[in-house]
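Given next are the chains, with one letter for each unit.
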Amino acid sequence: MFDADLIRRLDRSGPRYTSYPTADRFAEGYTAQNHAGWADRRNRGGIARPLSLYVHVPFCGTICFYCGCNKVVTRDRKKAETYLHYLEREISMQAALMHGGPKVDQLHFGGGTPTYLTAEQIGGLMRHLRDRFDFSARFEGSIEIDPRTVDAETIASLAQHGFNRMSLGVQDFDPEVQRAINRIQSEEQTAAVMQAGRAHGFDSINVDLIYGLPKQTLASVARTLDRVIELGADRIAFYNYAHLPALFKPQRRIADADLPSPDAKLQMLGEAVRRLTAAGYVHIGMDHFARPEDELAVAQRQGRLHRNFQGYSTHAHCDLIGLGASAIGMLGPTYYQNYRTLPEYYECLDKQALPIMRGFEMSPDDLVRRSVIQALMCHFELCKESIETSWLLDFDTYFAQELEDLALMQAEGLVELDRDWISVTARGRLLIRSICMVFDRYLRADQERRRYSKVI
């Protein structure tokens, strides 16, 4: 399953395909008026798909040097109060566009640090959301948690408001690594939050880890993996650290000399694959692992797995409403993204306009390619007939150039091709992004690869 030599030869930069086309292709010509038009079509056409809501909370109390997220680092809690005032305005405006009716099947709070907000602020925000949207009786409510910002009482409050899944940032338990990235977080803090989550009925607990951090060694990664497995995480995300100090100022505080070599990073990834699969975790895709009984693994076995801006998901049937600064949404065949900075976000809402900065209306070709990339990213195989039936085309003719490129990957042992199927091999799973890039029409026309991270 893990072939270091193959990865070393074929590793390159490319998208993570949380959407297709990718967010860097969105255009500023797509406005709030376009979004309202598609919402109206949705309502008049009776295509009231269930909703997934994403709420972005951009604030952090301290800065983690490795982080490249859209965030506001501040200890001034009044800024959060102002933000929530505007966020509630946006929620009301988006809810009005939906004309009621569709159920909310999924809710995700991301950041930043959602638990930067107090329990009272989260409670008020949840009441506002419930007043404007119709939530399913048993919706999936997930939230990203910094274990340094919560206690058992906070977890109990989150459960009372309907949250039943949590994702914990850990990165590495080694004290020297934590000092190098300015994130001091004890094992005891993390364990206490996980125990509280179990006690209050959280169905799934994810732990985020990062490899390639400063001062990190194979031994420290192995110890962290063993401890997370011991703590019983349902899902584990094992991300590659992309060192891009020219883009992300906090990373300039990380000395290049402290970073592990590319070969050392490969060893860390191999160690993770070996330890997690030996512990019974299923390799869902890319850098995600889950226990066999976890809903992600079940959805993959049943062919229901989906991929969106929050990563792997089980809610392919939902339209996504992104709320908050920089949030991304998907409505029908369109994507939109809000303004990233707070002043721009506030200015639009002061004008009674949705804070949409840019977006994208997919063409028929985009929709075909999105379905192909989704199938490969989520299930590692594709039935050509399913694409032909859905889109009324001849697969081999439509994708003649792509199949020529895949033949080269077949020679490398990454995929298996036959008359009816494209199947990704065990060796090819870690390079799934490279395989999907074959079907990306925009990359074919734009070989600069933009500012993507390495596949591995």
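Preceding block: the structure.
Residues numbered from 1 in each chain as written. Predicted model: local features only at pLDDT ≥ 70, side-chain atom pairs only at ≥ 80, totals over all residues. Heavy atoms only, no water.

Undergrad: Please set out the environment of Leu-431 residue by residue, giving values where relevant.
TA: Here Leu-431 lies in the loop between strand 19 (421-424) and helix 16 (432-437). Owing to a relative accessible area of 0%, Leu-431 belongs among the buried residues under this scheme. Separated by 425 residues in the primary sequence, Leu-431 and Leu-6 place their C-alpha atoms 9.4 Å from one another. (Helix = DSSP H or I, 4+ residues; strand = E, 2+ residues; numbered from the N terminus. Buried < 20%, exposed > 50% of the residue type's maximum accessible area, 1.4 Å probe, protein only.)

Undergrad: How would you explain the pairing of strand 4 (residues 103-111) if you had to name every residue and give the values?
TA: Most of strand 4 sits inside the fold, with eight of its nine residues counted as buried. As defined by bridge partners, strand 4 adjoins strand 5 (residues 134-145) across six bridges and the pair is classed as parallel. Looking at strand 5, one finds that Phe-109 is bridged to Ile-143. Between strand 4 and its parallel partner strand 5, the chain crosses via helix 4 (residues 119-132), and the hand of that crossover is right-handed. (Pairing = 2+ DSSP bridges. Right-handed = clockwise from strand over helix to strand, strands pointing away.)

Undergrad: Tell me about the environment of Asp-40, and name the residues and values.
TA: Within the secondary structure, Asp-40 is located in helix 2 (residues 32-44). Considering only alpha carbons, one finds Asp-40 and Gln-302, 262 residues apart in sequence, at a separation of 33 Å.

Undergrad: Please set out the pattern of salt bridges residue by residue, giving values where relevant.
TA: The final tally for this structure, using the stated rule, is 30 salt bridges. A salt bridge links Lys-103 to Asp-134; its shortest N-O distance comes to 3.1 Å. On the criterion of sequence distance, the pair formed by Lys-103 in strand 4 and Asp-134 in strand 5 is long-range, its members being 31 residues apart. Residue Lys-103 is classed as partly exposed on the basis of its relative accessible area, which comes to 39%. A salt bridge links Asp-234 to Arg-198; the nearest nitrogen and oxygen atoms lie 2.8 Å apart. With Asp-234 in the loop between helix 8 (218-231) and strand 8 (235-240) and Arg-198 in helix 7 (residues 187-199), this residue pair connects regions lying 36 residues apart in the sequence. Overall, Arg-198 belongs to the partly exposed group, its relative accessible area being 36%. Linked through salt bridges whose partners overlap, the residues forming this network are Asp-365, Asp-366, Arg-369, Glu-402, Asp-405, Arg-441 and Arg-444. (Salt bridge = Lys/Arg side-chain N within 4 Å of Asp/Glu carboxyl O.)

Everything listed here is a matter of coordinates, which is why it stays silent on function.
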